[in-house]
Amino acid sequence: MAEMGKETGKEMGKEMGKGVTAGKLASTMQKRLTRAQEKVMQKLGKADETKDTAFEETVSNFNKQMAEGARLQRDLRGYMTAVKAMHEASKRLQDCLAEMYEPDWFGKEEVDSMAEDTDMLWIDFHQKLVDSALINMDNYMAQFPDIKNRISKRDRKLVDFDSARHHMASIQKGKKKDEVKIAKAEEELGRAQKVFEEINTELQDELPTLWDSRVGLYVTTFQSLAGVTEKFHNEMGKLSHNLNDVMGKLEDQRHIKNDSKTKTPAKSEDAANHSAESGSIPKSPSKSRPSGPPVPRPPRPSPSKEGLQNDAIDLFGDAATVSMTTPSHDATPTQNAVANGSSDSGDLPPGVLYKVKAMHDYAATDGDELEMKAGDVVLVLAFDNPDEQDDGWLLGVKESHWLANKNLSARGVFPENFTQRC
């Protein structure tokens, strides 16, 4: 009761501050005291309390709905904050890339344009989330405070109704019947009952409808959220795909520049031999044929008849040596193989002219080239059309491929000055 007195005193001070008349203030305080006394009597069991189980259930649903809505509203705001933070992080990352991207690199304009498009996409995404989800949620939650106040008012009016009912009953039970007091008590009871029933009826109609409305709100909110998010990620995916393509072409540009520095024609056979002797890797010859005819090497003198006879005689000697003539530069690869042939032709697969060994690594730059590592043995083949052979280039297949697969299909051209005759 002491606490009730303190609260009543505070409320009286507030009412006086608002400019309420003394009579009105006294009436208000009297009602509050009467309600406090009625609640005490009900708690002590000295007065019965009007119960409405169905209404209490709707109030329980209302409190649950309000708590769930407040949580969803809070989490939506947290999601918006996270989107804003992601936007800022994405903008800083895109700005960093745009500043580091040099003007002569491939796709400089595309990179700058994609940075602007990404920034606008984040801004649009955040705004659509606010419009389609957060505003609807705020409007939904705005109706709860008023209904909560009306529920509290309904509880107060119910106490007033019970108090008037008990007052009427106490007068009627009195020994002396005071018709004036009875009439006044009946009037107060009727007025309290009317006020209570009006607000009670309104809430009984509104609360179930409000409870059912939560489903529609959840559907609308999350459908909007899903649709906006899906569209955002689709557009962002396109920008990411375009950025990936630009980065790939930038890498190709780098390889082309590096290849242009290393792929230069060898000037002469002497220069190639000099490179091999000095231990440096030779440069591959140009694959484009020269405009003029190739200059043939000077042919070595053919052996005399006496020499041939001596060679024939030496075949039956202890040394069993055979003198071999060097093929001329104008001879075809097949003729060269025949001229050089008998010492290793028995070990070569059909169609192979001779073997060479790679002295240096060679990285293929075209689809028709043969990639080699230093130490690889290559079986040299004849070109199907001799006119297709470029100066300084041979056609062959790795011996390891032949040994593993027994076919010569994995053939390719390679620079002759990278190899040495086995």
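All values derive from a computational prediction rather than experimental measurement. (Residues numbered from 1 in each chain as written. Predicted model: local features only at pLDDT ≥ 70, side-chain atom pairs only at ≥ 80, totals over all residues. Heavy atoms only, no water.)

J.: Residues and numbers for the overall build of the protein chain, please.
T.: The helix and strand tally for the protein chain stands at 10 helices and 5 strands. If you take every contact in the protein chain between residues at least 6 apart in sequence, the share linking residues at least 24 apart comes to 68%. (Helix = DSSP H or I, 4+ residues; strand = E, 2+ residues; numbered from the N terminus. Contact = heavy atoms within 4.5 Å.)

J.: Go over the sheet that holds strand β5 (residues 419-421), please, and point to the residues and values.
T.: Read across the sheet, 5 strands follow the order β4-β3-β2-β1-β5 without closing on themselves; strand pairing throughout is antiparallel. Strand pairing shows two members of the sheet lacking a second neighbour, β4 (412-415) and β5, which therefore form its edges. The average angle at which neighbouring strand axes cross in this sheet is 50°, direction not considered. (Pairing = 2+ DSSP bridges. Axes fitted to C-alpha atoms, helices over the stretch in contact; angles between N-to-C directions.)

J.: Give a detailed account of the packing of helix α3 (residues 53-100) against helix α4 (residues 108-141), specifying residues and quantitative values.
T.: Put simply, α3 and α4 touch, their axes get as near as 10 Å, and they point 170° apart. One element, α3, and the other, α4, form an angle in the roughly antiparallel class. Looking at the contact of α3 with α4 residue by residue, the class counts come to 22 nonpolar, 8 polar and 7 charged. (Parallel < 35°, antiparallel > 145°, perpendicular 65-115°, else oblique. Nonpolar A, V, L, I, M, F, W, Y, C, P; charged D, E, K, R; others polar.)

J.: So what's going on with the pattern of salt bridges? Residues and values would help.
T.: Side-chain pairs of opposite charge can arise whenever the charged atoms involved come near each other. Per the stated rule, a full pass over the model turns up 16 salt bridges. Taking the shortest distance from any N to any O, the salt bridge between Asp112 and Lys108 comes out at 3.5 Å. With a gap of 4 residues between them, Asp112 and Lys108 both fall in helix α4, about one helical turn apart. The salt bridge involving Lys355 is made with Glu399; its shortest N-O contact spans 2.8 Å. (Salt bridge = Lys/Arg side-chain N within 4 Å of Asp/Glu carboxyl O.)

J.: Break down the confidence of the model for the protein chain for me, with residues and values.
T.: Taken as a whole, the protein chain shows an average pLDDT of 78; of its residues, 71% reach a score of 70 or greater. Taken together, the stretch residues 264-279 has pLDDT below 50 and engages in 15 contacts with residues farther than four places along the chain or on a different chain. (pLDDT = per-residue confidence, 0-100.)

J.: Provide a residue-level description of the side chain of Thr229, including the pertinent values.
T.: Within the secondary structure, Thr229 is located in helix α6 (residues 179-262). The class for Thr229 is buried, based on a relative accessible area of 15%. Those residues in contact with Thr229 that sit more than four places away from it in its chain are Tyr79, Phe125 and Leu129. (Buried < 20%, exposed > 50% of the residue type's maximum accessible area, 1.4 Å probe, protein only.)

J.: An account of the packing of aromatic side chains is requested, with residue identities and associated values reported.
T.: All chains considered together, the criterion is met by 9 aromatic pairs. Residues Phe125 and Phe232 carry aromatic rings whose centres are separated by 4.1 Å and whose planes lie at 15° to one another, so their mutual orientation is stacked. Taken as a pair, Phe125 in helix α4 and Phe232 in helix α6 lie far apart in primary sequence, 107 residues in all. Centroid distance Phe161 to Phe196: 6.1 Å. Interplanar angle 10°. Geometry classified as stacked. A residue pair is termed long-range when its members are at least 10 positions apart, and Phe161 in helix α5 (residues 144-173) and Phe196 in helix α6 qualify at 35 residues. Residue Phe196 is classed as buried on the basis of its relative accessible area, which comes to 9%. Taken together through their ring pairs, the aromatic side chains of Phe62, Tyr140 and Phe144 make up a single cluster. Over the ring of Phe55 we find Arg154; its NZ or CZ atom is 3.7 Å from the centre of that ring. (Phe/Tyr/Trp six-rings, centres within 6.5 Å; stacked < 30°, edge-to-face > 60°. Lys NZ or Arg CZ within 6 Å of the ring centre and 35° of its normal.)

J.: Could you give an account of the environment of Val397, naming the residues involved and the relevant values?
T.: For Val397, the position within the fold is in strand β3 (residues 393-398). Overall, the relative accessible area of 0% leaves Val397 in the buried class. Ignoring anything within four residues of it in the chain, the contact list for Val397 reads Leu370, Val378, Leu379, Leu381, Leu408, Ala410 and Arg411.

J.: Help me get a handle on the pairing of strand β2 (residues 377-381), residues and values and all.
T.: Here β2 lies mainly inside the structure; 4 of its 5 residues are buried. Note that β2 and β3 share 4 bridges and pair antiparallel. Paired with Leu381 across the two strands is Leu395, which belongs to β3.

J.: Now, about the nonpolar core: what can you tell me, with residues and values included?
T.: Of all hydrophobic cores here, the largest spans 36 residues; its most connected members are Phe62 and Leu207. Secondary-structure elements contributing two or more residues to this core are α3, α4, α5 and α6. No other element matches α6, which puts 12 residues into this core. Apart from residues lying up to four places away in sequence, Phe62 is in contact with Phe144, Ile147, Lys148, Ile151, Leu207 and Leu210. Counting 23 residues, the second-largest nonpolar core is a separate cluster that includes Val356, Val378, Leu395 and Phe414. (Core = buried A, V, L, I, M, F, W, Y, C linked by side-chain atoms within 4.5 Å.)

J.: Lay out unusual backbone geometry with the relevant residues and their values.
T.: At Lys406, a residue that is not glycine, the phi angle is positive and equals roughly 60°. Inspection of the secondary structure puts Lys406 in the loop between α10 (399-405) and β4. Among the residues examined, Lys406 registers a relative accessible area of 54% and is labelled exposed.

J.: I'd like a description of the environment of Leu250, backed by residues and values.
T.: Residue position: Leu250 is located in helix α6. When the C-alpha atoms of Leu250 and Trp105 are compared, they prove to be 6.7 Å apart, with 145 residues separating the residues in sequence. Residues within four places of Leu250 in sequence aside, it is in contact with Tyr101, Trp105 and Phe106.

J.: Can you tell me about the packing of α3 against α5, naming the residues and giving the values?
T.: Direction vectors running N to C along α3 and α5 enclose 150°, while the axes themselves pass 12 Å from each other. Compared by their axis directions, α3 and α5 come out roughly antiparallel. The handedness of the crossing between α3 and α5 is left-handed. Where α3 abuts α5, its residues Phe55, Val59, Phe62, Gln65 and Met66 lie against Phe144, Ile147, Lys148, Ile151 and Arg154. Among the residues making up the contact of α3 with α5, the classes are represented as 7 nonpolar, 1 polar and 2 charged. (Left-handed = near helix turned anticlockwise from the far one by under 90°.)

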